[in-house]
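Secondary and tertiary structure notes
Each chain, letter by letter, is given below.
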Amino acid sequence: MFLTRFRVNTARMGSRNLLSSPQHMHAAVMSSFAGALPSAESDSRVLWRLDRNTKAEVLLFIVSEERPDLTHLVEQAGWPTTASWQTYDYKAFLDGLSLGTTWAFRLTANPIHHVRRTPDEPRKRTAHRTPRHQMGWLLKQQENAGFKILETPAERRRLPQGDEHQLTVRDERRHRFSKTELTTGKVNEVPLVTVTFDGRLEVTDPVALRRTLTSGLGKAKAYGCGLMTLAQAG
């Protein structure tokens, strides 16, 4: 497994095209691999995420089984003569995860639930729209995903509700794009709501967490969702 980091040159026209469209960025990421790519049903797939730290600092992260070649991205959206990308062997880090260790994490995800207005109506996938419900979605995922989000000590809580965990949600983005059904050729308008979670977690199941880090969490993985990364907790 490999973890790749690429800084986007936000001043370039090609970057603006990629950053404005999850579909275009997905196509650019998938063009980075010469070999056969895993299917959607595979235990491991290509994951990517954009971290918009500042207007001038936007980082693309990719997790993949195959080492990527981002030459086309450097030419289109980077610094062709002065900068490249960094790819790291991810396996050693994954193998080193152990029960009870704590980490800072970041995740961009598509928090959804299924609703219906009447008993006879089919259940419809709908995005969570408030930070409280978005956080609630992630808290429901944690047990099966192999981690537990750390609680905030009572003396450090600043709110009577919603401040119980070391977790923040930010950078909500709403997209809408067209998608053609392969079987019917019908074109549908697809809405997509994404948010970024930052927080601290404890490893409760290293095997499950390795699966989460390589296979993703939640829906819309093709559009920059699902990739969780860990860093040493400060």
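So, here is what we can say about the structure in this document. (Residues numbered from 1 in each chain as written. Predicted model: local features only at pLDDT ≥ 70, side-chain atom pairs only at ≥ 80, totals over all residues. Heavy atoms only, no water.)

1. Here's the deal with the nonpolar core
- Core analysis: the largest hydrophobic core is formed by 30 residues, its most contacted members being Phe105, Leu138, Phe147, Phe197, Met228 and Leu230.
- For this core, the secondary-structure elements that each account for two or more residues are strand S3 (58–64), strand S5 (102–109), helix H5 (131–145), strand S8 (147–149), strand S9 (167–180), strand S10 (187–203), helix H6 (206–215) and strand S11 (228–232).
- Not counting the four nearest positions on each side in its chain, Phe105 is found in contact with Leu138, Ile149, Leu167, Phe197, Asp198, Gly199, Arg200, Leu201, Met228, Thr229 and Leu230.
- Counting 18 residues, the second-largest nonpolar core is a separate cluster that includes Val8, Leu18, Ala28 and Leu50. (Core = buried A, V, L, I, M, F, W, Y, C linked by side-chain atoms within 4.5 Å. Buried < 20%, exposed > 50% of the residue type's maximum accessible area, 1.4 Å probe, protein only. Helix = DSSP H or I, 4+ residues; strand = E, 2+ residues; numbered from the N terminus. Contact = heavy atoms within 4.5 Å.)

2. A word on the packing of aromatic side chains
- Scanning the entire structure with this criterion turns up four aromatic pairs.
- For the ring pair Tyr90 and Phe93, a centre distance of 5.8 Å and an interplane angle of 0° mean the geometry is stacked.
- Judged by centre distance (6.3 Å) and plane angle (40°), the ring pair of Phe105 and Phe147 falls under tilted. On the criterion of sequence distance, the pair formed by Phe105 in strand S5 and Phe147 in strand S8 is long-range, its members being 42 residues apart.
- A residue is classified by how much of its surface remains accessible, and Phe105, at 4% relative accessible area, is buried.
- Here a set of aromatic residues connected by ring pairs shows up, and it is made of Tyr90, Phe93 and Trp103. (Phe/Tyr/Trp six-rings, centres within 6.5 Å; stacked < 30°, edge-to-face > 60°.)

3. Overview of H6
- Buried residues dominate H6, accounting for seven of its ten residues.
- For H6, the N-terminal cap is Asp205; the gap from its side-chain oxygen to the backbone nitrogen of Val207 is 3.2 Å.
- Looking one or two residues past H6, Gly216 carries a phi angle of roughly 95°, positive in sign. (Polar contact = N/O pair within 3.5 Å; in protein donor to acceptor, adjacent residues only side chain to side chain.)

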